[in-house]
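# Topology and contacts: notes
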Amino acid sequence: MAMTQDDMKRAVAQAAITYVPNDCIVGVGTGSTANFFIDELAKIKGKIRGAVASSEASAKRLQGHGIEVLSLNDADDLPVYVDGADEITKHMHMVKGGGGALTREKIVAAASKKFICVCDESKLVDVLGKFPLPIEVIPMARSYIAREVVKLGGQPKLREGFITDNGNIILDVHNLQIMNPVELETLLNHLPGVVTNGLFARRGADVLLLGTPNGVKTLTA
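Right, let's walk through the structure included here. (Residues numbered from 1 in each chain as written. Predicted model: local features only at pLDDT ≥ 70, side-chain atom pairs only at ≥ 80, totals over all residues. Heavy atoms only, no water.)

Here we take up the overall build of the chain. When helices and strands are tallied, the chain shows 6 helices and 13 strands. Burial status across the chain gives 51% buried among its 221 residues. For the chain, long-range pairs separated by at least 24 residues make up 72% of all intrachain contacts whose partners lie at least 6 apart in sequence. Entry remark: accessible area of the chain is about 10,400 Å², with carbon and sulfur atoms responsible for 51%. (Helix = DSSP H or I, 4+ residues; strand = E, 2+ residues; numbered from the N terminus. Buried < 20%, exposed > 50% of the residue type's maximum accessible area, 1.4 Å probe, protein only. Contact = heavy atoms within 4.5 Å. Areas by Shrake-Rupley, 256 points an atom, 1.4 Å probe, with all protein chains shown as cover.)

This is the structure we're talking about:
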């Protein structure tokens, strides 16, 4: 029987568990693949001290499994952060934020020693940009940021009816071919009013667990 996308996501979630040290606090991402990881984490919850969640949704799912959720400020040390990606290259640069949790994801990733990215093979690309790049923006800066993004060749679109966990809005930028992700990430983050953008290039993944019909492939930076 052919593996479905969910089967592949489940397989990479199971593979990610092997990267979780005993008696640690785990950084947990947001989204469908991260949800599979949370469900796997529940099976070993006796071996971990708790988790730091990158969104309210993930925190609720963790708590539903009886896993203690800590604030990042109360977690001294995160050995590992596990999260999916909307797009990733073999250089371990990613676009994230399809679910809107990019800022908290970026903070938890930055605070973690190791970033394990879990996704199915459809997410591996040669060049980032086919998936619209999310930018979390303070509402009053929306038009200004949109104009600046147009100058860079992108087509910004407000994510209708969506407010982030931080109370901000998201502009999804279409039509970008991102040849220099580190450079673009830095440039966008320097625009006043940008909270952060969905490029995870300065802090990319350390390990990519890629779900394929023939099992899980492991790529490293």
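So, about helix α2 (residues 32–43). By the burial criterion, the buried members of α2 are Thr 33, Ala 34, Phe 36, Phe 37, Ile 38, Glu 40, Leu 41 and Ala 42. Of the surrounding elements, those touching the buried residues of α2 are α1 (5–17), β1 (25–28), α3 (56–64), β3 (78–83) and β6 (112–120).

Before going further, it helps to spend a moment on the sheet that holds strand β11 (residues 199–200). Pairing within the open sheet is antiparallel, and its 3 strands lie in the order β4-β5-β11. The strands lining the two open edges of the sheet, one partner per strand, are β4 (87–88) and β11. (Pairing = 2+ DSSP bridges.)

What the rule picks out here adds up to 1 aromatic pair. Both rings, one in Tyr 81 and one in Phe 115, keep their centres 5.1 Å apart while their planes meet at 75°; by these two values the pair is edge-to-face. On the criterion of sequence distance, the pair formed by Tyr 81 in strand β3 and Phe 115 in strand β6 is long-range, its members being 34 residues apart. Exposure remark for Tyr 81: the relative accessible area of 0% places this residue in the buried category. According to the relative accessible area criterion, Phe 115 is buried, its value standing at 0%. Sitting above the plane of the Phe 200 ring, Lys 96 keeps its charged end 5.4 Å from the centroid. Just above the ring of Phe 200 sits the side chain of Lys 106; from NZ or CZ to the centre is 5.2 Å. (Phe/Tyr/Trp six-rings, centres within 6.5 Å; stacked < 30°, edge-to-face > 60°. Lys NZ or Arg CZ within 6 Å of the ring centre and 35° of its normal.)

Let us look at unusual backbone geometry. Positioned with a positive phi, Asp 23 is a non-glycine residue whose angle comes to about 60°. Within the secondary structure, Asp 23 is located in the loop between α1 and β1. With a phi angle near 70°, Asn 175 is a residue other than glycine that sits in the positive phi range. Along the chain, the position of Asn 175 falls in the loop between β9 (169–174) and α6 (181–189).

Of the residues making up α6, those classed as buried are Pro 181, Leu 184, Glu 185 and Leu 188. The buried residues of α6 occupy an angular sector of 105° when projected down its axis, which confines them to one face. On its buried side, α6 packs onto α4 (102–111), β7 (133–137), α5 (142–151), β10 (194–197) and β11. (Arc of directions from axis to C-beta.)

This is a description of form; function is not addressed.
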